[in-house]
Amino acid sequence: MEQQFGQVPPMTPENYGKRIWHLWGPIVIKWAIAISVSMISSGIFTMMYMVAHQDMSMAAMQSEEQMMNLYDSIMEQFVGFSTAIEGVAAFVTIPVMLVLFHKDRVRERMTGFIPNKKAPLWKYAAGLLMALAMSLGLNNLIIIGNLSDISDSYQATMEAFYASSLPVQIIVLGILMPMSEELVFRGLLFKRLRERGTYLQSALYSALVFGFMHMNLVQMTYGFVLGMMLAYFYEKYGSVKAPIAAHIAMNLLSVFATKFELLDWLIEDHMRIGIVTVACAFVASTMFVLVQRIDERPDVPGTSKENENLASARDM
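Residues numbered from 1 in each chain as written. Predicted model: local features only at pLDDT ≥ 70, side-chain atom pairs only at ≥ 80, totals over all residues. Heavy atoms only, no water.

Looking now at the overall build of the chain. Across its full length, the chain carries 13 helices and zero strands. Within the chain, buried positions represent 39% of all 316 residues. Contacts spanning at least 24 positions in sequence make up 81% of the contacts within the chain whose residues lie at least 6 apart. With an accessible surface of roughly 17600 Å², the chain has 68% of that area assigned to carbon and sulfur atoms. (Helix = DSSP H or I, 4+ residues; strand = E, 2+ residues; numbered from the N terminus. Buried < 20%, exposed > 50% of the residue type's maximum accessible area, 1.4 Å probe, protein only. Contact = heavy atoms within 4.5 Å. Areas by Shrake-Rupley, 256 points an atom, 1.4 Å probe, with all protein chains shown as cover.)

Every α-helical turn comprises 3.6 residues, leaving residues that sit three or four positions apart pointing alike. In this model, helix H9 (residues 217-237) (21 residues) spans 30 Å end to end at C-alpha, consistent with the 30 Å of a helix rising 1.5 Å per residue. Buried residues dominate H9, accounting for 15 of its 21 residues. After H9 finishes, the residue glycine 238 shows a positive phi value of roughly 70°. (Expected span 1.5 Å × (residues − 1).)

What follows concerns the environment of lysine 259. Within the secondary structure, lysine 259 sits in helix H10 (residues 241-259). Sequence separation between lysine 259 and glutamine 169 is 90 residues; the distance between their C-alpha atoms is 9.9 Å.

Unusually for a residue other than glycine, glutamate 261 sits at a positive phi of about 55°. Along the polypeptide, glutamate 261 turns up in the loop between H10 and helix H11 (262-267).

A few words on the pattern of salt bridges. Going through the model one piece at a time under the given rule, you end up with 11 salt bridges. The partner of aspartate 104 in a salt bridge is arginine 192, and the shortest N-O contact between them spans 2.7 Å. Here arginine 192 lies in helix H7 (residues 166-194) and aspartate 104 lies in helix H4 (residues 82-111), a separation of 88 residues in the sequence. With respect to burial, aspartate 104 and arginine 192 carry one shared label: buried. (Salt bridge = Lys/Arg side-chain N within 4 Å of Asp/Glu carboxyl O.)

We now examine the nonpolar core. Grouped together as the largest cluster of nonpolar side chains are 49 residues, with contacts concentrated most on Ile27, Phe185, Leu189, Met229, Phe233, Tyr237 and Val291. Counting only elements with at least two residues in this core, the list comes to helix H1 (13-52), H4, helix H5 (124-144), H7, helix H8 (199-212), H9, H10 and helix H12 (270-292). In contact with methionine 229, not counting residues within four places along its chain, are Met130, Ala131, Met134 and Met250. (Core = buried A, V, L, I, M, F, W, Y, C linked by side-chain atoms within 4.5 Å.)

Attention shifts here to the side chain of serine 239. Here serine 239 is to be found in the loop between H9 and H10. Judged by its relative accessible area of 7%, serine 239 falls in the buried class.

Residues Tyr16, Ile20, Trp21, Trp24, Val28, Trp31, Ile35, Met39 and Tyr205 make up a contiguous nonpolar surface patch of roughly 930 Å² in combined accessible area. In terms of residues, the nonpolar patch owes the most to one element, H1, which gives eight residues. Positionally, methionine 39 belongs in helix H1. Note on methionine 39: relative accessible area 60%, which makes it exposed. (Patch = residues over 30% accessible without salt bridge, like charges linked within 9 Å, V, L, I, M, F, W, Y side chains within 5 Å.)

Below, the discussion takes up H7. At glutamate 182, H7 is deflected by roughly 30°, the largest bend along its length. The buried count for H7 comes to 22 of 29 residues, which makes it a mostly enclosed element. (Bend = angle between axes of the 7 residues up to and from the residue.)

Going through the model one piece at a time under the given rule, you end up with 11 aromatic pairs. For the pair phenylalanine 190 and tyrosine 199, a centre-to-centre distance of 6.2 Å together with 80° between the ring planes defines the contact as edge-to-face. Judged by its relative accessible area of 1%, phenylalanine 190 is buried. Each residue in the set Phe190, Tyr199, Tyr232, Tyr234 and Phe288 is aromatic and connected to the rest through ring pairs, giving one cluster. The residue whose ring lies beneath arginine 105 is phenylalanine 101, and the NZ or CZ to ring-centre distance is 4.5 Å. (Phe/Tyr/Trp six-rings, centres within 6.5 Å; stacked < 30°, edge-to-face > 60°. Lys NZ or Arg CZ within 6 Å of the ring centre and 35° of its normal.)

The next thing to look at is the packing of H5 against H9. Remark: H5 packs on H9, axes separated minimally by 11 Å, with the N-to-C direction vectors making an angle of 170°. Classed by the angle they form, the pair H5 and H9 counts as roughly antiparallel. For the pair formed by H5 and H9, the contact residues are Tyr124, Ala126, Gly127, Met130, Ala131, Met134, Ser135, Leu138, Asn139 and Ile142 on the first element and Val218, Tyr222, Val225, Leu226, Met229, Phe233 and Tyr237 on the second. For the contact of H5 with H9, a count of residues per class yields 14 nonpolar, three polar and no charged. (Axes fitted to C-alpha atoms, helices over the stretch in contact; angles between N-to-C directions. Parallel < 35°, antiparallel > 145°, perpendicular 65-115°, else oblique. Nonpolar A, V, L, I, M, F, W, Y, C, P; charged D, E, K, R; others polar.)

As a further point, take the packing of H7 against H8. Following both chains from N to C, one finds H7 and H8 inclined at 145°, their axes separated by 9 Å at the closest point. Read as a crossing pair, H7 and H8 show a hand that is right-handed. Contact with H7, carried on its side by Glu181, Phe185, Arg186, Leu189, Phe190, Leu193 and Arg194, involves Tyr199, Ser202, Ala203, Tyr205, Ser206, Val209 and Phe210 of H8 and no other residues of that element. Classifying every residue of the contact of H7 with H8 gives nine nonpolar, two polar and three charged. (Left-handed = near helix turned anticlockwise from the far one by under 90°.)

Our focus in this paragraph is the environment of tyrosine 49. In this fold, tyrosine 49 is placed in helix H1. As for tyrosine 49 and glutamine 77, which are separated by 28 residues in sequence, their C-alpha atoms are 9.1 Å apart. With residues up to four places along the chain from it excluded, the contact list for tyrosine 49 reads Met56, Leu70, Ser73, Ile74 and Gln77.

Following this line, the structure appears as structure tokens:
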């Protein structure tokens, strides 16, 4: 998985700044869109709330205490719309990232960079099963280790996300946010790192950034582990569709597991959650073996069959 093809310009002081923006630009743009959407939404919501509660708004002008009460009331109501606001931000982010992603693919063709082969769609089943098993297994370990209890911000984030209606959760948490995050962290950051570095270096760096962006210890750990897996999917399947599909599957599992209280059912019996966690580990490891067997090596023009066989023998 370490082969690189095509000419990549050497790093010089003149293009160092461009290189930094090339890597961090998508994340900065994602941040800017999220902050802008949040600020605009907050302003609109505040004005609508004050118009609907004119008596409270007028009273807030009289004292600092009333002003704080008004602010607390607005924030309490605003939190209920946090998932929908995240969805708007993701909806705006996706086309921007698709444009950048397309430009990267055009640049690859112009520089002669040869990407990994694309795996057939029927092989995606192994990746999806691995992702679902990993997701459920990690959630079980978080519960068993009581890790969620040590992070108030994690609990607050989960409560805010799952406070919306089920259709909103499916659209936002299950589809829009995974697509947005995969385009940024795997489609752009990981892929751009991969142009110059090894798979392991690129996966570690992108997974660390992905985990850090979640801003609490539990999600950082969870995000890092799954970020490594999603980068591996991109590498083996040769398409950003693989990590996107896996991320969507994992988030939908989380949405429905929360809706139908699957985790609460598992917690009721220590033996039950232990058996399910072991089963998840078995399924994930079995699917990993199948994913590992995917031949992602590019078809390099002019490479003979004999050289391919020699390369296969070296890999073994």
